[in-house]
Amino acid sequence: MSLETRIDDDWKAAMKAGDKARKDALSLLRAAIKQKRVDEKLVIDDAAVIAVIEKMLKQRKDSINQYEAAKRQDLADAEKFEASVLADYMPQGLSAAEVEAIVTAAVAASGAKGPADMGKVIALVKPRVAGRADMGEVSKLVKAKLATG
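Description of the structure in this document. Keep in mind that what you see is a predicted model, and the values were worked out from it rather than measured. (Residues numbered from 1 in each chain as written. Predicted model: local features only at pLDDT ≥ 70, side-chain atom pairs only at ≥ 80, totals over all residues. Heavy atoms only, no water.)

### A short note on the side chain of glutamate 82
With respect to the helices and strands, glutamate 82 occurs in helix α4 (residues 73–87). Setting aside its immediate chain neighbours within four residues, glutamate 82 contacts Ala25, Leu28 and Arg60. (Helix = DSSP H or I, 4+ residues; strand = E, 2+ residues; numbered from the N terminus. Contact = heavy atoms within 4.5 Å.)

### Focus on the packing of aromatic side chains
A full pass over the atoms with the stated rule returns zero aromatic pairs. Above the plane of the ring of tryptophan 11 lies arginine 30, whose end atom (NZ or CZ) is 3.8 Å from the centre. (Phe/Tyr/Trp six-rings, centres within 6.5 Å; stacked < 30°, edge-to-face > 60°. Lys NZ or Arg CZ within 6 Å of the ring centre and 35° of its normal.)

### Let's talk about the layout of surface pockets
Over the atoms a probe the size of a water molecule is rolled, and this reveals where empty space is left. Estimates place the volume of the largest pocket at around 580 Å³. Looking at the largest pocket, it is lined by 20 residues, and the ones nearest its centre are Glu54, Lys58, Ala133, Asp134 and Met135. Per element, the largest residue contribution to the lining of the largest pocket is nine residues, and it comes from helix α3 (residues 46–69). In terms of lining residues, the second largest pocket is bounded by Ala32, Lys36, Ala51, Val52, Lys55, Met56 and Gln59. For the lining of the second largest pocket, the element with the most residues is α3, which contributes five residues. (1 Å grid on protein atoms, 1.4 Å probe; cavity = no way out; pocket = protein on both sides within 12 Å on 5 of 7 lines; lining within 4 Å. Points joined across faces, edges and corners; volume = space filled by probe spheres on them.)

### Comments concerning the pattern of salt bridges
By the definition in use, this model includes 13 salt bridges. A salt bridge links lysine 145 to glutamate 100, with the nearest nitrogen and oxygen atoms 3.0 Å apart. Separated by 45 residues along the polypeptide, lysine 145 in helix α7 (residues 135–148) and glutamate 100 in helix α5 (residues 96–110) bring together distant segments of the chain. Within the structure, one salt-bridge network assembled from shared partners comprises Lys20, Lys23 and Asp24. (Salt bridge = Lys/Arg side-chain N within 4 Å of Asp/Glu carboxyl O.)

### Observations regarding α4
Between its terminal C-alpha atoms α4 stretches 20 Å, which fits the 21 Å expected from 15 residues at 1.5 Å a residue. For α4, the full list of buried residues reads Ala76, Glu79, Glu82, Ala83, Val85 and Leu86. Considering only its buried residues, α4 is in contact with α2 (20–40) and α3. (Expected span 1.5 Å × (residues − 1). Buried < 20%, exposed > 50% of the residue type's maximum accessible area, 1.4 Å probe, protein only.)

### Digging into unusual backbone geometry
Positive phi values are uncommon outside glycine, yet lysine 71 reaches one of about 60°. Looking at the element boundaries, lysine 71 is found in the loop between α3 and α4.

### Description of the packing of helix α1 (residues 3–17) against α3
Here α1 crosses α3 at 55°, and the two axes come no closer than 8 Å. Of the possible angle classes, the one that applies to α1 and α3 is oblique. Together, Leu3, Glu4 and Ile7 of α1 and Asp46, Val49, Ile50 and Ile53 of α3 make up the contact between the two elements. (Axes fitted to C-alpha atoms, helices over the stretch in contact; angles between N-to-C directions. Parallel < 35°, antiparallel > 145°, perpendicular 65-115°, else oblique.)

### Thoughts on the environment of arginine 132
Take arginine 132: it is sitting in the loop between α6 (118–129) and α7. On the basis of relative accessibility, which here comes to 32%, the residue arginine 132 falls in the partly exposed class. Along the primary structure arginine 132 and proline 115 are separated by 17 residues, whereas in three dimensions their C-alpha atoms are 24 Å apart. Once residues lying within four places of it in the same chain are set aside, the contact partners of arginine 132 are Pro91, Gln92, Gly93 and Leu94.

### Topic: α6
If you check α6, its first and last C-alpha atoms are 16 Å apart, about what twelve residues at 1.5 Å a residue would give, namely 16 Å. Every buried residue of α6 is listed here: Met118, Val121, Val125 and Val129. Looking straight down α6, one finds its buried side chains confined to an arc of 65°; they lie on one side. Residues Gly119, Ala123 and Pro127 are exposed on α6 and point more than 90 degrees away from its buried face. On its buried face, α6 is in contact with α5 and α7. Phi turns positive one or two residues past the end of α6, at glycine 131, with a value near 80°. (Arc of directions from axis to C-beta.)

Okay, here's the thing in structure tokens:
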């Protein structure tokens, strides 16, 4: 079953169960997927759905930080709930050791010598960790590896 089909099935189940909060969170996700399909005029696969979910999770994380800074815990809690619903559809995350091994292998494979070669390394790492690791943290790790390199 495709990820999009699973999301649609869960949305229908939430509607039938009367779980308004979950249904609303899944409705936002379904709308974002549909928007991507319309914008790109192509069939959306699981990788594209994961990219949409990653983007939405990043938006939720930013919103949570802003709401908490503004002392609006009610809004932060709503965003946290939406983030937890979205996170259910993400693939299993990689451990720090797994990410480090992937980065080390990419540095060796690309022949990177210093920080100027960061783009080459990221290009090799990104497809292997997409949806399973925070790219911000991966970027920091690559930068550190190349600096000591």
